[in-house]
Amino acid sequence: MSCVAGKTILVTGAGQGIGKALCLKLADNGATVIALSRTQNHLDELVHENCNILPVQVDLSNWQETKQALTCINNIDGLVNNAGIALNAPLLQITEEQIDRSFNINVKALINVTQTVVPKMIEKKQGSIVNVSSQASLAGLAEHTVYCGTKAAVDGLTRAMALELGEHNIRVNTVNPTVVMTAMGKQVWSNPAKGNPLKEKIPLHRFAEVDDVVDAIIFLLSDGSKMITGTNLPIDGGYTAV
Ligand code: NDP
């Protein structure tokens, strides 16, 4: 396991799925974890599982409230911009509201959180930021036009941030998972008619486990990846190698 002991790490979207599992593993490995999410009872459950985790409840769609909620952070080594939503629809049925909500959470809020905490990393002259993108940024998925667009934006802004922040010894990377059977993954892919054809195209013939994603994020947070910045790490069983 890559070393994160002693580091202070903020994880967004910590209430469920990948973010929740990441918080628990980081805390088990000796990190101080600040867990940001929207739904209070999800955070309560997380803290019940590990009382050392520090919860921050805020809806990332609110720009000012998010900034306010993060003013308590004075020390930070790592940031994982994990919160995301998938509002899928065929192209001709996409609504303006779906576009606005998707870009608001998946892109705008990510920039807001990063902009808010990076000054603390600059003071420490080091940091690692991991943005949770998707296979959907690298390969098209039917009925995922908006989601693919938001995640391609995440890859693009990651490269730009890496260029700006390199001089402060702050690294910025993405992980790009294939389907993971979290609440979000199950929405679409638990239907075998949709899931099986996609799985067949993955060279390893399986979807990703939550831990596959968590371990890759922890590697990018750790000093084991200290020369890696501005890149995308697919966790896709080879899907985008085809
Ligand atoms: P889940 O839906 O299981 O969890 C998403 C988390 O994000 C929840 O804790 C939720 O909060 C939080 N969140 C959503 N909106 C807001 C908001 N407005 N403010 C604060 N928190 C919010 O998703 P996953 O764990 O599956 O996904 C995590 C990341 O991984 C996402 O960025 C997703 O796009 C990406 N991803 C997922 C894949 C998959 O197949 N599952 C594949 C590739 C990438 P709460 O529960 O507290 O309301």
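Further up the page is the structure itself.
Residues numbered from 1 in each chain as written. Predicted model: local features only at pLDDT ≥ 70, side-chain atom pairs only at ≥ 80, totals over all residues. Heavy atoms only, no water.

A. Molecular detail of the site of the ligand. Residues in contact with the ligand amount to 31 residues; listed here are only the nearest, Thr39, His42, Asn82, Tyr147 and Thr182. In this structure, an oxygen atom belonging to the ligand sits 2.9 Å away from a side-chain N or O atom of arginine 38. Here an oxygen atom of the ligand sits 2.7 Å away from a polar atom, N or O, in the main chain of asparagine 82. Protein contact buries 96% of the 900 Å² of open area that the ligand shows by itself. At the level of elements, helix H1 (17-28), helix H5 (145-165) and helix H6 (183-189) are the ones that each hand at least two residues to the shell around the ligand. Looking at the shell around the ligand residue by residue, the classes come out as 13 nonpolar, 15 polar and 3 charged. (Near = heavy atom within 4 Å. Polar contact = N/O pair within 3.5 Å; in protein donor to acceptor, adjacent residues only side chain to side chain. Areas by Shrake-Rupley, 256 points an atom, 1.4 Å probe, with all protein chains shown as cover. Helix = DSSP H or I, 4+ residues; strand = E, 2+ residues; numbered from the N terminus. Nonpolar A, V, L, I, M, F, W, Y, C, P; charged D, E, K, R; others polar.)

B. Expanded view of the pattern of salt bridges. Applying the stated criterion across every chain, the model contains 9 salt bridges. A salt bridge links aspartate 223 to lysine 7; its shortest N-O distance comes to 3.2 Å. Linking aspartate 223 in the loop between helix H8 (210-221) and strand S7 (232-235) with lysine 7 in the segment before strand S1 (8-12), this pair joins segments that are 216 residues apart in sequence. Lysine 25 is the salt-bridge partner of aspartate 215, the closest N and O atoms lying 2.9 Å from each other. Within this pair, whereas aspartate 215 is found in helix H8, its partner lysine 25 is found in helix H1, the two being separated by 190 residues in sequence. (Salt bridge = Lys/Arg side-chain N within 4 Å of Asp/Glu carboxyl O.)

C. Region of interest: the packing of H1 against H8. Put simply, H1 and H8 touch, their axes get as near as 9 Å, and they point 55° apart. On the basis of the axis angle, H1 is oblique to H8. Of the two possible hands of crossing, H1 and H8 adopt the one that is right-handed. Seen from H1, the contacting residues are Gly17, Ile18, Ala21, Leu22, Lys25 and Leu26; seen from H8, they are Val210, Asp211, Val213, Val214, Asp215, Ile217, Ile218 and Leu221. Class assignment of the residues belonging to the contact of H1 with H8 gives a composition of 10 nonpolar, 1 polar and 3 charged. (Axes fitted to C-alpha atoms, helices over the stretch in contact; angles between N-to-C directions. Parallel < 35°, antiparallel > 145°, perpendicular 65-115°, else oblique. Left-handed = near helix turned anticlockwise from the far one by under 90°. Contact = heavy atoms within 4.5 Å.)

D. Layout of the sheet that holds strand S6 (residues 170-177). Ordered in space as S3-S2-S1-S4-S5-S6-S7, the 7 strands form an open sheet in which the pairing is parallel. Pairing within the sheet leaves two strands with one partner each, and these edge strands are strand S3 (54-57) and S7. Here the average twist between neighbouring strands, direction ignored, is 20°. Pairing of S6 with S7 involves 4 bridges; the strand directions are parallel. Paired with proline 177 across the strands is isoleucine 235, a residue of S7. The sheet contacts of helix H2 (residues 40-49) involve strand S2 (32-37) and S3, and relative to S3 the element is tilted by about 175°. Here H5 sits on the sheet and contacts strand S5 (127-132), S6 and S7; the angle it forms with S6, its principal contact strand, is near 160°. (Pairing = 2+ DSSP bridges.)

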